[in-house]
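# Residue-level structural notes
Listed here are the chains, written in short residue letters.
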Amino acid sequence: MKQFLPAQAEYLLGRPVIQFDDTVVNKQVLGRVVLITGAAGSIGSELVRQLLCHKPRQIVLLDQAESALYDLLVRLSSEPGSGGLLTGHIADITDLVRMRHVFARYQPDIVFHTAAYKHVPLMEEHPYEAVKTNVLGTKVVADLAVRFSVQKFVLISTDKAVNPTSVMGATKRLAEMYVQSLTADSSTRFIITRFGNVLDSAGSVVPLFKRQIEAGGPVTVTHPDISRYFMTIPEACQLVLEAVALGYGGEVFVFDMGQPVRIVDLACRLVQLSGYEVNKEIKLRFTGLRPGEKLHEDLLSADACCLPTDHPKIKKVRLLPADASFLQKAIVQLKLALSDADDTALVRILKEYIPDYVSKNSPYAHLNESLNKVSAA
């Protein structure tokens, strides 16, 4: 078996890695209590590592995945500066009683909300779980941030929330809308960061392609023209930390990630790095778009106003905040549909409150036409 040769990130990204100045981040984090939800995930765990360099008073690592959280705490115990700073908590973000206990006990100054379901095809099959965690779980954490006077709350979102075509993207968009609606009447500064796809994160295409190459192929790509914006895990976490320093509340921050990368080109690079010839030694196979999947992602919606920041590669997006009472109606309706475990009703409600949500390659595509008829009437 040939050995995979590690690539510089620039080679896979098709652009230079973005550089940051940690000085402004250090001023925000030094001596603060930081809570990270979804701390055992790819982004959450890297955030913890980077935060240790900025000398917070305490980092609370919260996740419902017991083994993953335990493993992370063991690994981080040997990191410089970690002694006495890290506290692990097993908790479900949708459990209000448990989450209220965590906030009351630790009184966090900064919250990084990374916990979410993110796999598009899986959430297309499980709207109940997507709504429960991505929308109602975010509501629990955001409401507690207001109640306990958290200084800054950073929601980790996704480019799939822009013009969503999937349940996952729609639930993340509604989560964005909800936290933005809290900004006007709260001292907590709510900030949103949107990621493209993250190289080497759990569930991303790079680990999948590597496994397929090691197995002798084929390497599977959904469509010959499909493309995505990519960033590295450290870049993604630096964006989150920079957002804490740059944000005053209500903004969405996005990277200038250059041109999108065709997935087929990424697959070919990885095959070549492994020492094989594409379609001779390792075959490529196209499998078709998956449920909820787009050919190309959008970084901004048509009505978004994009502004520069102090960092040349970070853009600030101003969106009109949704009315709080409007969103409360959506939440009430979603809770009722959850009580009936009615996936179709959940998707219908998401479409009613997110007009640009149009299902693609989805069992819920038939709702697009019926809602258009309702709007026209």
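Summary of the structure given here. (Residues numbered from 1 in each chain as written. Predicted model: local features only at pLDDT ≥ 70, side-chain atom pairs only at ≥ 80, totals over all residues. Heavy atoms only, no water.)

### Examining the sheet that holds strand S4 (residues 110-113)
Either a parallel or an antiparallel arrangement is found when strands of a sheet pair, and the pairing is made through backbone hydrogen bonds. Formally: The pairing criterion is simple: DSSP has to find at least two bridges between the two strands. For the purposes of this entry, the term helix denotes a DSSP run of H or I that reaches at least four residues, the term strand denotes a run of E that reaches at least two, and both are numbered from the N terminus. Angles here are taken between N-to-C directions and fall from 0 to 180 degrees, while the axes themselves are lines fitted to C-alpha atoms, restricted in helices to the stretch in contact. Should any heavy atoms of two residues lie within 4.5 Å, those residues are counted as being in contact.
Judged by pairing direction, the sheet is mixed, and its nine strands sit side by side in the order S3-S2-S1-S4-S5-S6-S11-S15-S14 without closing on themselves. One side of each edge strand has no neighbouring strand; the edge strands of this open sheet are strand S3 (86-90) and strand S14 (305-308). The sheet shows a mean angle of 25° between the axes of neighbouring strands, direction not considered. Two elements, strand S2 (residues 58-63) and S3, share five bridges in a ladder whose sense is parallel. Opposite Leu 61, over in S3, you have Gly 88 as the bridge partner. Against the sheet, helix H7 (residues 127-147) engages strand S1 (33-37), S4, strand S5 (152-158) and strand S6 (189-195), with an angle of about 160° to S5. The sheet strands contacting helix H8 (residues 167-181) are S5, S6 and strand S11 (251-255), and the helix crosses S5 at an angle near 160°.

### Details of empty space enclosed by the protein
Counted only if it meets this: Definitions used throughout: a 1 Å grid over protein atoms alone; a cavity as a set of points that fits a 1.4 Å probe which cannot get out; a pocket as an open set with protein on both sides within 12 Å along at least five of seven lines; a lining residue as one with an atom within 4 Å of a point. Grid points are joined across faces, edges and corners, and a volume is the space filled by probe spheres set on the points. Classification used: nonpolar for Ala, Val, Leu, Ile, Met, Phe, Trp, Tyr, Cys and Pro, charged for Asp, Glu, Lys and Arg, polar for all others including Gly.
Per the counting criterion, the structure on display carries one cavity of 30 Å³ or more. Put simply, the largest cavity is a space of about 50 Å³. Grouping the amino acids of the lining of the largest cavity by side-chain chemistry returns one nonpolar, three polar and five charged.

### Regarding the pattern of salt bridges
Note the cut-off: In the sections that follow, a salt bridge refers to a side-chain nitrogen of Lys or Arg positioned within 4 Å of a carboxyl oxygen of Asp or Glu.
Per the stated rule, a full pass over the model turns up 12 salt bridges. Of the charged contacts, one joins Lys 280 and Glu 277 as a salt bridge, the two residues approaching to 3.7 Å between their closest N and O atoms. A network of salt bridges, in which partner residues are shared, links Asp 159, Lys 160, Arg 228, Lys 294, Glu 297 and Asp 298.

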